[in-house]
Amino acid sequence: MQPTPAQLAALDAADPLAHARGRFRLPEGLVYLDGNSLGPLPAALPDALAATVAGEWGDGLIRSWNDAGWIDLPVQLGAAIAPIVGAEPDSVVACDSVSLNLFKLASAALGLRPGRRTILMEADDFPTDAYVMQGLARLAGVTLKRVPRADLLAALNDDVALLLLTHAHYVTGHVHDMAAMNAAAHAVGALTLWDLSHSAGALVVRLDADGADFAVGCGYKYLNGGPGAPAFAYLARRHWDAALPALTGWMGHAAPFDFAGDYAPAAGARRLLTGTPPILAMRALEAGVATFAGIDLAQAEAKSRALVHLFADGAAGLPGVTVDAPPAGRHAAHVIIRHPQARRVMAALIARGVVGDMRPPDAMRFGFPALTTRYADVGLALAALQAVLASGEWQDERFAPRGMVS
Ligand SMILES: Cc1ncc(COP(=O)(O)O)c(C=O)c1O
């Protein structure tokens, strides 16, 4: 059933998070439902970046590594991200990409579980997670075992060094019970590594309380840090001393400017740093993370949940598409609508000013980040989808697939 504009307006008027949209610069008239792929531009970011470029770089030059605190930005940003993922400040650093951080932490896990020969992960998780583990498995001479979600628990045994899971699945939106999976892994002596790319900033995450060992997450999606923003990495306090990634660099050294001949790890999560931090990107991520000031993530999760359900229910009645019903219980802040020509239909929707993305072969993905999405957007997106499907305009030549990014 389609919600009426009046119903949606009433929901927007009562939304305790409605004010957060003012923290962003969004193009007039656009319905942006792809913050799960690239968060929108924080309103404060251009000035913050301009000040860094002109003042810290232009005037301060090399002095800014100390005077502007550049050298500590990865740990300071980590501390700012920490409450968003339920971690203590010194357990998180901002650095590198999700892919690189997966490698670092998984290799550290293998080091902590010598003699165990298996990395276990869910089949059909985001490809980079598998690609990185395949490379690491080759290097370390261990086996990567990929099993369907339903078989994960049965596959846990005393040969498993590491269980790698995506907290919220990038297509299905399934959310793992983090505490339960950590407990199951720990019961057989395995460690856990969580990919929070689709939950950090979207859902309540409780890394410390739920007993996670390691985690990685994305800076450019829900954290609004800009295209290719640095990712983050989490190291539970109990591993601060012993965890040693196979990829170690001078920024993770205890005293980088001693220029010592041999690597000695920095304390805590700082040891996960590798090379010189990209300061402009770090400042942009800082502005992105700042958009979460005062935001109650339980409220954010509840709002995204309501938006997803309104949209899914409304789309379920449209001809020619099938809606993946949002998983029962907790789920991600996005939903999938299937159409055999998903890429063309999405292109036609984008031309009408409703932006989502698609994942092969047939999934159109619509994200509903709580900070920026209005209830009214649900109505506008449903109306546009209905019009695209009814007109068949997606068959037009101008919507033929082009460009690598979908
Ligand atoms: C679940 C998940 N993990 C990892 C990535 C990619 O991370 P990165 O490009 O920072 O390596 C993505 C990107 O969409 C993702 O959805």
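Residues numbered from 1 in each chain as written. Predicted model: local features only at pLDDT ≥ 70, side-chain atom pairs only at ≥ 80, totals over all residues. Heavy atoms only, no water.

Colleague: Would you mind going over the pairing of strand 8 (residues 191–195) with me for this structure?
Modeller: Where a strand is regular, its side chains alternate between the two sheet faces. The buried fraction of strand 8 amounts to five of the five residues, a majority that puts the element mostly inside the structure. Side chains L191, L193 and D195 of strand 8 all project onto a buried face; the interleaved residues T192 and W194 project onto the opposite face, where all are buried too. Both strand 7 (residues 160–166) and strand 8 contribute to a ladder of five bridges, which runs parallel. Opposite L163, over in strand 8, you have T192 as the bridge partner. (Buried < 20%, exposed > 50% of the residue type's maximum accessible area, 1.4 Å probe, protein only. Helix = DSSP H or I, 4+ residues; strand = E, 2+ residues; numbered from the N terminus. Pairing = 2+ DSSP bridges.)

Colleague: Help me understand the sheet that holds strand 10 (residues 231–235) in this model?
Modeller: Hydrogen bonds between backbone groups are what pair the strands of a sheet, and the pairing can be parallel or antiparallel. Spatially, the seven strands line up as an open sheet ordered 4-10-9-8-7-5-6, and their pairing is mixed. The two strands at the open ends of the sheet, each matched to only one other strand, are strand 4 (92–95) and strand 6 (143–147). Averaged over all pairs of adjacent strands, the angle between their axes in this sheet comes to 20 degrees, without regard to strand direction. Contacts from helix 4 (residues 73–81) reach strand 4 and strand 10, with the element oriented near 120 degrees to strand 4. Its contacts with the sheet place helix 5 (residues 98–112) against strand 4, strand 5 (118–122), strand 7, strand 8, strand 9 (214–217) and strand 10, and it is angled at close to 175 degrees to strand 9. (Axes fitted to C-alpha atoms, helices over the stretch in contact; angles between N-to-C directions. Contact = heavy atoms within 4.5 Å.)

Colleague: Even after reading the chapter, I still don't get the pairing of strand 7, so can you show me in this structure?
Modeller: Within strand 7, seven of the seven residues are buried, which leaves the element mostly enclosed by the surrounding structure. Here four bridges tie strand 5 to strand 7, and the two strands are oriented parallel to one another. In the strand pairing of strand 7, L120 is matched with L163.

Colleague: Honestly, the side chain of N224 in this entry has me stumped. Any pointers?
Modeller: Within the secondary structure layout, N224 lies in the loop between strand 9 and strand 10. Overall, the relative accessible area of 5% leaves N224 in the buried class. In terms of polar contacts, N224 uses its side chain to reach the backbone carbonyl oxygen of Y222, at 3.2 Å. Among the polar contacts listed, one links the side chain of N224 to the side chain of T291, at a separation of 3.2 Å. (Polar contact = N/O pair within 3.5 Å; in protein donor to acceptor, adjacent residues only side chain to side chain.)

Colleague: Is there a simple way to explain the site of the ligand in this structure?
Modeller: S97, V98, S99, F126, T128, D129, D195, S197, H198, Y220 and K221 make up every residue found near the ligand. Contact distances for the ligand include 2.7 Å between a nitrogen atom and a side-chain N or O atom of D195. Bound to the protein, the ligand loses 87% of the 400 Å² it would expose on its own. Going through the elements one at a time, helix 5 and helix 6 (127–140) are the ones with two or more residues in the shell around the ligand. Looking at side-chain class alone, the shell around the ligand contains three nonpolar, five polar and three charged residues. (Near = heavy atom within 4 Å. Areas by Shrake-Rupley, 256 points an atom, 1.4 Å probe, with all protein chains shown as cover. Nonpolar A, V, L, I, M, F, W, Y, C, P; charged D, E, K, R; others polar.)

Colleague: Honestly, empty space enclosed by the protein in this entry has me stumped. Any pointers?
Modeller: Across all of its chains, the model carries three cavities of 30 Å³ or more by this definition. Roughly 80 Å³ of internal volume is contained in the largest cavity. Lining the largest cavity we find F24, G201, A202, Y222, N224, F292, A300, S304, P369, A370, L371 and T372. Residue composition of the lining of the largest cavity, by class: eight nonpolar, four polar and no charged. Both domains that furnish three or more residues to the lining of the largest cavity are identified here as domain 1 (5–43 + 296–399) and domain 2 (69–290). (1 Å grid on protein atoms, 1.4 Å probe; cavity = no way out; pocket = protein on both sides within 12 Å on 5 of 7 lines; lining within 4 Å. Points joined across faces, edges and corners; volume = space filled by probe spheres on them. Domains from an automatic or database assignment.)

Colleague: Honestly, helix 4 in this entry has me stumped. Any pointers?
Modeller: Three or four residues apart is the spacing at which side chains of an α-helix point the same way, because the helix has 3.6 residues per turn. Within the sequence span of helix 4, burial applies to L73, P74, L77, G78 and I81. Buried residues of helix 4, viewed axially, fall in a sector of 135 degrees; they line one side. The secondary structure elements touched by the buried residues of helix 4 are strand 4, strand 10 and helix 10 (279–290). (Arc of directions from axis to C-beta.)

Colleague: Would you mind going over the nonpolar core with me for this structure?
Modeller: It is characteristic of soluble globular proteins that their nonpolar side chains tend to be buried jointly. Grouped together as the largest cluster of nonpolar side chains are 48 residues, with contacts concentrated most on L196 and L207. Counting only elements with at least two residues in this core, the list comes to helix 4, strand 4, helix 7 (152–155), strand 7, helix 8 (178–187), strand 10, helix 10 and helix 11 (297–316). Domain assignment of the residues forming this core places at least three in each of domain 1 (5–43 + 296–399) and domain 2 (69–290). Aside from chain neighbours lying at most four places away, what touches L196 is V85, H167, M178, V205, L207, A215, V216, G217 and F232. Formed by 38 residues, the second largest nonpolar core is a distinct cluster that contains C95, L144, F214 and L272. (Core = buried A, V, L, I, M, F, W, Y, C linked by side-chain atoms within 4.5 Å.)

Colleague: Explain the sheet that holds strand 12 (residues 334–338) to me, please; I cannot follow it from the model alone.
Modeller: Pairing is antiparallel in the open sheet, where four strands are placed in the order 11-12-15-14. Edge positions in the open sheet fall to strand 11 (322–323) and strand 14 (357–359), since each of these has one partner strand only. Sheet topology note: the strand 11/strand 12 ladder contains two bridges and is antiparallel. When the bridges of strand 12 are listed, V323 appears paired with I337. Those strands touched by helix 11 are strand 11, strand 12 and strand 15 (363–367), and its axis lies near 10 degrees from that of strand 12.

Colleague: Even after reading the chapter, I still don't get the environment of A312, so can you show me in this structure?
Modeller: Along the polypeptide, A312 turns up in helix 11. Spatially, the C-alpha atom of A312 lies 23 Å from that of T166, the residues being 146 residues apart in sequence. If sequence neighbours within four positions are ignored, A312 has contacts with V323, P326 and V335.

These results come straight from atomic positions and should not be treated as a statement about function.
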